[in-house]
Amino acid sequence: MSNSTITLENIRQLAGHKILVVEDNAMNILIAKKTLENLGAIVDIATNGLEALKMVDPMRHSVVLMDLNMPVMDGYESSRKMRELNITIPIIAISACIQNEVEENVKKSGINEIIVKPFLPDELCETILKLQN
């Protein structure tokens, strides 16, 4: 999956995956939801980290896509609290920037991977599938 478009070859790669997207920006929610659904996933949406804590269900969700900067509770704290609750499903941070401080905070929060916005559908799909193996 080297190009950035959704093709017949990869269109159902995420079939059967139920993904919790945690994002406060309406446009980013729309893009992530459409991209993931085009890849075959079922998508639930939380608009902040506290809502994500209430919604996340390890029996339902196979992965969490977590924005880092949100109101009410940011992605770092939400991820830390999920780990404290022994929720072990993969968490992928989605961030507009990568800096050493961000990377360090991601590691401390129990987040498995980080993807830079705007993400490519293939990159997102490959990251999710990699974490499922």
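Rules and cut-offs
- Residues numbered from 1 in each chain as written.
- Predicted model: local features only at pLDDT ≥ 70, side-chain atom pairs only at ≥ 80, totals over all residues.
- Heavy atoms only, no water.
- Helix = DSSP H or I, 4+ residues; strand = E, 2+ residues; numbered from the N terminus.
- Contact = heavy atoms within 4.5 Å.
- 1 Å grid on protein atoms, 1.4 Å probe; cavity = no way out; pocket = protein on both sides within 12 Å on 5 of 7 lines; lining within 4 Å.
- Points joined across faces, edges and corners; volume = space filled by probe spheres on them.
- Nonpolar A, V, L, I, M, F, W, Y, C, P; charged D, E, K, R; others polar.
- Pairing = 2+ DSSP bridges.
- Axes fitted to C-alpha atoms, helices over the stretch in contact; angles between N-to-C directions.
- Buried < 20%, exposed > 50% of the residue type's maximum accessible area, 1.4 Å probe, protein only.
- Right-handed = clockwise from strand over helix to strand, strands pointing away.

Details of the overall build of the protein
The secondary structure content of the protein amounts to five helices and five strands. Put simply, of all contacts in the protein between residues at least 6 apart along the chain, 65% involve residues at least 24 apart.

Re the layout of surface pockets
Any empty space left between atoms is shown by rolling a water-sized probe over those atoms. Here the largest pocket defines a volume of roughly 190 Å³. Here the lining of the largest pocket gets four residues from one element, more than from any other, and that element is helix α1 (residues 26-38). The residue inventory of the lining of the largest pocket, partitioned by class, reads 10 nonpolar, two polar and three charged.

Things to note about the sheet that holds strand β4 (residues 91-95)
Read across the open sheet, the five strands follow the order β2-β1-β3-β4-β5; overall the sheet is parallel. Only two strands of the sheet have a single neighbouring strand rather than two, namely β2 (42-46) and β5 (113-116). Strand-to-strand, the axes of this sheet are offset by a mean angle of 25°, without reference to chain direction. Direction of pairing for strand β1 (residues 18-22) relative to strand β3 (residues 63-67): parallel, over a ladder of four bridges. Opposite V22, over in β3, you have M66 as the bridge partner. Contacting β1, β3, β4 and β5, helix α5 (residues 121-132) runs over the sheet at an angle of about 175° to β5.

Looking at the environment of S95
As for its placement among the helices and strands, S95 is situated in strand β4. Sequence separation between S95 and P118 is 23 residues, and the spatial gap between their C-alpha atoms is 8.5 Å. Each residue touching S95, except ones within four places of it in the same chain, is listed here: L68, I114, I115, V116 and K117.

Overview of the side chain of T127
By the element assignment, T127 lies in helix α5. Residue T127 is classed as buried on the basis of its relative accessible area of 11%. Apart from the residues lying within four places of it in its own chain, the contact partners of T127 are I92, E113 and I115.

A look at the pairing of β1
On a regular strand, one side chain projects to one face of the sheet and the next to the other, so that they alternate. Most of β1 is tucked away: four of the five residues are buried. Pairing geometry for β1 and β2, over five bridges, is parallel. Bridged to V22 within β2 is A46. Regarding the hand of the β-α-β motif, the stretch spanning β1, α1 and β2 is right-handed.

A short note on unusual backbone geometry
For residues other than glycine, phi is negative in most cases, and the peptide bonds are mostly trans. In this structure, P118 follows K117 across a cis peptide bond, with omega equal to -10°. In this structure, P118 sits in the loop between β5 and α5. In the Ramachandran plot, V72 falls in the positive-phi region, its phi being about 70° despite a non-glycine side chain. Given the relative accessible area of 65%, V72 is considered exposed. Residues other than glycine seldom take positive phi values, yet N86 does so here, at roughly 65°. Position of N86 among the secondary structure elements: in the loop between α3 (75-84) and β4.

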